[in-house]
Amino acid sequence: MFFFSGNMKLPDPKRMLGSIFPILQWSKSYNLGTGVGDLIAGITVALTLIPQSIAYASLAGLEPQYGLYASLLGGFVYGITGTCPQINIGPTALLSLLTFTYTNGTSPDFAVLLCLTSGLVQLVAGTLQLGFLVEFVSLPVVSGFTSAAAVTIASSQVKGLLGLKFSAETFIATWKELYRHIEDTRLPDTLLSLACCIVLLGMKALKDIRIGVKDSEKSQKGVVFIQKSLWFAGVSRNAVVVILAAAVAFFVYLDVGDPLILTGKITPGLPTPQVPPFHTTVGNVTVSAGGMLAQLGSGLLVVPLVGIISNVAIAKAFSNGKTLDATQEIIALGVCNVVGAFFRSFPVNGSFTRSAVSDASGVRTPAAGFVTGIIVLLTLALLTPYFYFIPRAALSAVIVCAVLHMVDIDIIKKLWRSSRLDIIPLLGTFVCCLALGIEIGLICGVGIDVLLLLYYNSRPPLDVKYIEEENLPPHYSIHPVGNLHFAGAEKVRLKLSSLKNDNKATLKQLTIVPGANDSVLSNGAGSQCNGGASNATGRDIAGRRSSVLVIHCDCLYRLDYTFLQSMKMLVTERSRSGLVVWCDALPLVRDQLRAVLPDAVFCDTQQLPVVLADARSSGDHSGVSDTQL
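Here the structure is a predicted model, which means the values were calculated and not measured.

### Structural notes on the overall build of the protein chain
Now for step 1: Within the protein chain, the secondary structure is distributed over 28 helices and 13 strands.
Now for step 2: Taken over 629 residues, the protein chain has a buried fraction of 49%.
Now for step 3: Residue pairs at least 24 apart in sequence account for 80% of intrachain contacts in the protein chain once pairs closer than 6 positions are excluded.
Now for step 4: When the accessible surface of the protein chain is totalled, it reaches about 30,700 Å², and 63% of it is carbon and sulfur.

### Focus: the nonpolar core
Now for step 1: Core analysis: the biggest nonpolar cluster contains 95 residues, and Leu98 and Val306 have the highest contact counts within it.
Now for step 2: It is helix H19 (residues 392-403) that contributes the most residues to this core, 10 residues altogether.
Now for step 3: Discounting chain neighbours no more than four positions away, the residues touching Val306 are Leu94, Leu95, Leu98, Phe145 and Leu442.
Now for step 4: Ranked by size, the runner-up nonpolar core spans 29 residues in total, among them Leu549, Leu564, Val571 and Val596.

### What about the side chain of Ser345?
Now for step 1: As for its placement among the helices and strands, Ser345 is situated in the loop between helix H16 (326-341) and strand E4 (349-350).
Now for step 2: Non-local contacts of Ser345, meaning those with residues more than four positions away in its chain, are made with Tyr69, Ala70, Ala111, Val112, Cys115 and Gly340.

### Considering the confidence of the model for the protein chain
Regions with low pLDDT should not have their predicted coordinates read in detail.
Now for step 1: Summing up the model confidence of the protein chain, the mean pLDDT is 82 and the portion of residues at 70 or higher is 84%.
Now for step 2: Scored below 50 in pLDDT, residues 1-6 shows 0 contacts in the model against residues more than four places distant or in partner chains.
Now for step 3: Here residues 515-534 is a poorly scored stretch, pLDDT under 50, and it has 45 contacts once near neighbours within four places are set aside; other chains count.

### Here we look at the packing of helix H4 (residues 64-72) against helix H18 (residues 368-382)
Now for step 1: Interhelical geometry of H4 versus H18 gives an angle of 150 degrees and a closest axis separation of 9 Å. Compared by their axis directions, H4 and H18 come out roughly antiparallel. Relative to H18, H4 is oriented so that their crossing is left-handed. Across from Leu68, Tyr69, Ser71 and Leu72 in H4, the residues of H18 making contact are Gly373, Val376, Leu377, Thr379 and Leu380.
Now for step 2: Counted by class, the contact of H4 with H18 contains 6 nonpolar, 3 polar and no charged residues.

### So, the packing of aromatic side chains
Now for step 1: As enumerated under the stated definition, the model contains 8 aromatic pairs in all.
Now for step 2: For the ring pair Phe250 and Phe251, a centre distance of 5.5 Å and an interplane angle of 75 degrees mean the geometry is edge-to-face.
Now for step 3: Through a chain of ring-to-ring contacts, three or more aromatic side chains come together here, namely Phe250, Phe251, Tyr388 and Phe389.
Now for step 4: Directly above the ring of Phe166 sits Lys159, whose terminal nitrogen or CZ lies 5.4 Å from the centroid.
Now for step 5: Here the guanidinium or amino end of Arg420 rests over the ring plane of Trp416, the centre of that ring lying 4.1 Å away.

### Quick word on unusual backbone geometry
Now for step 1: Positive phi, close to 65 degrees, is recorded for Arg344, a residue that is not glycine.
Now for step 2: With respect to the helices, strands and loops of the structure, Arg344 is situated in the loop between H16 and E4.
Now for step 3: Given a relative accessible area of 12%, Arg344 falls into the buried group.
Now for step 4: With phi around 60 degrees, Asp584 is a residue other than glycine that occupies positive phi space.
Now for step 5: If you trace the backbone, Asp584 turns up in the loop between strand E12 (579-583) and helix H27 (587-596).

### Considering the pattern of salt bridges
Now for step 1: This structure, assessed with the given rule, holds 3 salt bridges.
Now for step 2: The closest approach of N and O atoms between Asp109 and Arg344, which form a salt bridge, is 2.9 Å. Of this pair, Asp109 sits in helix H7 (residues 108-127) while Arg344 sits in the loop between H16 and E4, and the two are 235 residues apart along the sequence.
Now for step 3: Arg180 serves as the salt-bridge partner of Glu177, at 2.9 Å between the closest nitrogen and oxygen. Of this pair, Glu177 and Arg180 are both found in helix H10 (residues 171-181), 3 residues apart, which corresponds to roughly one turn of the helix.
Now for step 4: For Arg180, a relative accessible area of 58% corresponds to the exposed category.

### What about H7?
Now for step 1: With 20 residues, H7 extends 29 Å from end C-alpha to end C-alpha; this agrees with the ideal 28 Å at 1.5 Å per step.
Now for step 2: Extensive coverage of H7 is indicated by the burial of 14 of its 20 residues.
Now for step 3: Backbone geometry just downstream of H7 places Gln129 in the positive-phi region, at approximately 55 degrees.

### Notes on the pairing of strand E6 (residues 475-478)
Now for step 1: Burial along E6 is two-sided: the residues His475 and Ser477 and Tyr476 and Ile478 are all buried.
Now for step 2: Here 3 bridges tie strand E5 (residues 465-467) to E6, and the two strands are oriented antiparallel to one another. For Tyr466, the partnering residue across the bridge sits in E6 and is Tyr476.
Now for step 3: Where E6 and strand E10 (residues 548-552) come together, 3 bridges link them in parallel fashion. Within E10, the residue paired with Tyr476 across the bridge is Leu549.

### Quick notes on the side chain of Gln328
Now for step 1: Inspection of the secondary structure puts Gln328 in helix H16.
Now for step 2: At a separation of 2.7 Å, a polar atom in the side chain of Gln328 contacts the main-chain carbonyl oxygen of Thr81.
Now for step 3: With near-sequence residues (within four places) excluded, Gln328 lies in contact with Ser19, Ile20, Pro22, Thr81 and Thr83.

Reading the values: the criteria
- Residues numbered from 1 in each chain as written.
- Predicted model: local features only at pLDDT ≥ 70, side-chain atom pairs only at ≥ 80, totals over all residues.
- Heavy atoms only, no water.
- Helix = DSSP H or I, 4+ residues; strand = E, 2+ residues; numbered from the N terminus.
- Buried < 20%, exposed > 50% of the residue type's maximum accessible area, 1.4 Å probe, protein only.
- Contact = heavy atoms within 4.5 Å.
- Areas by Shrake-Rupley, 256 points an atom, 1.4 Å probe, with all protein chains shown as cover.
- Core = buried A, V, L, I, M, F, W, Y, C linked by side-chain atoms within 4.5 Å.
- pLDDT = per-residue confidence, 0-100.
- Axes fitted to C-alpha atoms, helices over the stretch in contact; angles between N-to-C directions.
- Parallel < 35°, antiparallel > 145°, perpendicular 65-115°, else oblique.
- Left-handed = near helix turned anticlockwise from the far one by under 90°.
- Nonpolar A, V, L, I, M, F, W, Y, C, P; charged D, E, K, R; others polar.
- Phe/Tyr/Trp six-rings, centres within 6.5 Å; stacked < 30°, edge-to-face > 60°.
- Lys NZ or Arg CZ within 6 Å of the ring centre and 35° of its normal.
- Salt bridge = Lys/Arg side-chain N within 4 Å of Asp/Glu carboxyl O.
- Expected span 1.5 Å × (residues − 1).
- Pairing = 2+ DSSP bridges.
- Polar contact = N/O pair within 3.5 Å; in protein donor to acceptor, adjacent residues only side chain to side chain.

Below, the structure is given as structure tokens:
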């Protein structure tokens, strides 16, 4: 039986529902002006989403209708559970490539199961508030991963641009097969893809054109209209190119010896809601749920992880300084994938390109996703027969032009100016992704980051000072900051032990603080240090020795077991000739030290002069404490 005190407050059901379903909050202030903004944004995003989804389905190795299936429910579900108005959930180049990586050579059922498992992993991560795990993937690793993925995606579409047919999974395999089949290049497909790329890049530049505004009001209205028309033409470029290419293919269509490789017949109509498959048939072999999961392998974690990183990054980019509920964003993405799996979707997440289009269109709330979803639904119901004539070359051009912006070159300049060591995980991830595959490359990048993190922690900043106070014995002083872990335990112990051994390298690094007023000590991590401090030289340190070490613990929050044992070894090594004083230790640190050193000497800043005076009067320190060094 559970007893609750009268002061305990139960959660407010309305507030809980509002946090789970944000639509209950923003819908209260929804009005006509907001609806018009969402309507325009939803239509504009749909013009970008539909041709992209068809292209990304081919990138994932699936039939074109699966791209529309993946685009169908994301807007509806995220509109109910999401918090960022700009985000549009649907197929993306990165997750499409990952889907191809893990399901190539199988059946669409594997992609649907991958969608379900990705959503479940994301739901668990959001419910258990495990979003902090994405913080272990640094920005250089993410940048190297996305840049390598963009190069891999563009390379995989070269065969479509040239009208070639071959199968290849990795970056290196793609270029090997391209070299072998280059003689089979089809001129009509090549010319069409070249024309599509030129039109796409040209129309993209239209939205950036700025026209000077004249003084008259009539002229201003005309300029504004032209400016908006250019912008709309720029953001709808994918739809325009696909429609024009399909028209060209229709007029040059021949029953024998087609001049262009076409999309062909696709399954019309809406997907039938059904439970995601847990067994399937590949060829003449029936594969069980265990076999399907084994085939997906590391994709069960890599795909949802990449989806979370991308979605949270997009939400942060468009938060405009507002507080972002990352946990709710992860849960919303998980729900989108789980629900989508019941409608034959492959893994989806937010797209930065479509989110930018939505933002520029004046989106106001996540309800814009409802409009986009309705347009996708009508497309599936009415327009799928007309997709037959869409050339593969046009879809490849759409994909290539869409991923060009993913290659981040500017970050190299930024890292060179600010943190050159971070170039190592950036280039390491990029090279490993191209050479070993993007999923293994991501793991390698995280591994490089972990090694660098261990390297940093194995060399904690530790400025040892030699303090000369009037009427007090000289002593060494250190002021560690943060947490001290196993990685840096041996490094710290050796440095402190070298003081007793008169190590010249360590003695030359000492900072001497003379005078009676220099009691504020610091380490090299950025704390304050009084003006009398100076780096020691061989001449300065001559004759300056002390058997007392004061460790200021006011900025020390935690010691792990390995570091505690290292400190115990330090005490044992110098137990007959020294004294260690722990000053201003926090309760947690004090309890940890007492567990290893029961007779440790603790004091605060005010008590420190008394402790040092007692140490001086005791002479050989034999009666001060059992923790003498």
